[in-house]
Amino acid sequence: MEIKITLTQNPKAKPDPATVPFGVAFTDHMFLMDYDSENGWHDARIVPFADLSLSPGAVVFHYGAEVFEGLKAYRTPGGAVQLFRPEENMKRMSQSAERLCLPMPDEAFALEALKKFVEVEKEWVPEAYGTSLYLRPVLFGTEANLSLHDIHQAMFMIIACPVGSYYKNGLMPVELLIENEDVRAVRGGTGFAKCGGNYAAAARAGSRAEEKGFSQVLWLDGVERKYVEEGGGMNIMFKWNGRLVTPELNGSILPGVTRKSILEMAKSWGVETVERQIPVNEMMEACRNGEIEEAFCCGTAAVVTPVGGFTYGEQKVTVNNNKIGAFTQKLYDNLTGIQWGKQDDTFGWTVTVK
Ligand SMILES: *Cc1c(COP(=O)(O)O)cnc(C)c1O
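Residues numbered from 1 in each chain as written. Predicted model: local features only at pLDDT ≥ 70, side-chain atom pairs only at ≥ 80, totals over all residues. Heavy atoms only, no water.

Draft legend 1. Spotlight on helix α7 (residues 326-339). The first and last C-alpha atoms of α7 sit 20 Å apart over 14 residues, in line with the 20 Å expected at 1.5 Å per residue. With 10 of 14 residues buried, α7 is to be regarded as a mostly interior element. When we look at burial in α7, the residues that qualify are F327, T328, L331, Y332, N334, L335, T336, G337, I338 and Q339. Looking one or two residues beyond α7, the residue adopting positive phi is G341, at roughly 70 degrees. (Helix = DSSP H or I, 4+ residues; strand = E, 2+ residues; numbered from the N terminus. Expected span 1.5 Å × (residues − 1). Buried < 20%, exposed > 50% of the residue type's maximum accessible area, 1.4 Å probe, protein only.)

Draft legend 2. Molecular detail of the packing of aromatic side chains. Across all of its chains, the model carries 12 aromatic pairs by this definition. Relative to W240, the ring of F238 has its centre 5.8 Å away and its plane inclined at 75 degrees; by these criteria the two rings are edge-to-face. Taking the centre distance of 6.3 Å and the plane angle of 85 degrees together, the rings of W269 and F327 count as edge-to-face. Of this pair, W269 sits in the loop between α5 (257-268) and β14 (273-276) while F327 sits in helix α7, and the two are 58 residues apart along the sequence. Look at W269 and you get partly exposed, because its relative accessible area is 28%. Look at F327 and you get buried, because its relative accessible area is 11%. Three or more aromatic residues joined by ring pairs form one cluster here, namely Y74, Y129 and W340. A cation over an aromatic ring shows up here: K14 above the ring of W124, its NZ or CZ 4.9 Å from the ring centre. (Phe/Tyr/Trp six-rings, centres within 6.5 Å; stacked < 30°, edge-to-face > 60°. Lys NZ or Arg CZ within 6 Å of the ring centre and 35° of its normal.)

Draft legend 3. Summary view of the environment of G164. Within the secondary structure, G164 is located in the loop between β8 (153-163) and β9 (174-178). Residue classification places G164 among the buried positions, given a relative accessible area of 13%. Sequence separation between G164 and V125 is 39 residues, and the spatial gap between their C-alpha atoms is 11 Å. Those residues in contact with G164 that lie beyond four places of it in its chain are P17, V20, G130 and T131. (Contact = heavy atoms within 4.5 Å.)

Draft legend 4. The arrangement of the packing of helix α2 (residues 86-99) against helix α3 (residues 107-120) in detail. Interaxial distance between α2 and α3 falls to 10 Å at its minimum, and their mutual angle equals 130 degrees. One finds that α2 runs oblique with respect to α3. Considering only the axes of α2 and α3, their crossing is right-handed. Across from P86, E87, M90, K91 and S94 in α2, the residues of α3 making contact are E107, A110, L111 and L114. Along the lines of polarity and charge, the residues of the contact of α2 with α3 split into 5 nonpolar, 1 polar and 3 charged. (Axes fitted to C-alpha atoms, helices over the stretch in contact; angles between N-to-C directions. Parallel < 35°, antiparallel > 145°, perpendicular 65-115°, else oblique. Left-handed = near helix turned anticlockwise from the far one by under 90°. Nonpolar A, V, L, I, M, F, W, Y, C, P; charged D, E, K, R; others polar.)

Draft legend 5. A look at empty space enclosed by the protein. This structure, assessed with the given rule, holds 2 cavities of 30 Å³ or more. In this model, the largest cavity occupies a volume close to 100 Å³. Forming the boundary of the largest cavity are G70, L71, K72, Y74, F84, N89, V257, T258, G299, T300, V303 and Q339. Breaking the lining of the largest cavity down by element, the ones donating at least two residues are β5 (71-75) and α5. (1 Å grid on protein atoms, 1.4 Å probe; cavity = no way out; pocket = protein on both sides within 12 Å on 5 of 7 lines; lining within 4 Å. Points joined across faces, edges and corners; volume = space filled by probe spheres on them.)

What follows is the structure, encoded as structure tokens:
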């Protein structure tokens, strides 16, 4: 399918990536493509960034028919622009779409569209190490029909915004609040899908945690509230008795690309990795007795975030004296080294954009 390109006549001033807040300064263009059950996916186009026109009856507004992705375009020291494992994002979007009964474009074409879009917006990829162009593919139902039914009309869109370094003052440990009232997802539900609905379910606990001064919650499983699952938009990992330990993917945890990459990287260094069910009481005890040497969250936005402590009801524990650990720092340095093209990509994870 051809991608029709209409360039803007009014290019915007680019914000300073050092100070721009996350996710508000959009680039000059967007990618759009329409679906209907008669014609399939059609009308792939890159057009000037503008408001959309949708029927107030569109299914996305009423029944949460929406899935999304998040990845970045990075500028290398040589000036090239590259993506990090973008095929993983498209594969995950397919799995998310399947769960929500949304029609998914051909994965290879979606990836081609993403690359073409980044090529058009290339000048928006900032240069400083740690800054990037955040890419947000999103797929949603557009059909105006309030009856519960299969989705016959949908749209696939890609927008982007330059983002600064997540860490303006270095990697500072955060304290997580373990949530024991609300749950984010249950097995059999949509936890493994990257969909807006999961964030809607998570919002209340997140804002309560923020009021109490925590940066994020740590979710427990939705059935027994007994097993550690993940952070609010990031996966959780531990350096535990010299091994890398993380909750196993059980259907309610989001399968992070960063999580997967860290597991592969650690294995390549000869570190033993363990994916298993982690009871929260065992985790708290292992923090107290020092078996857990380091804890960190991981995801595309912040890469890795060291965790300095956990609060669970009345219990409070500290990890690694509230300091970033050497293993967490090494993962951060190597992952960002590959993403920003400062070191050899021996894994073959990066994809250069023309
Ligand atoms: C996107 C996301 C992650 C992290 O995934 P990455 O692919 O590493 O960015 C983790 N948890 C949730 C709930 C997410 O939405």
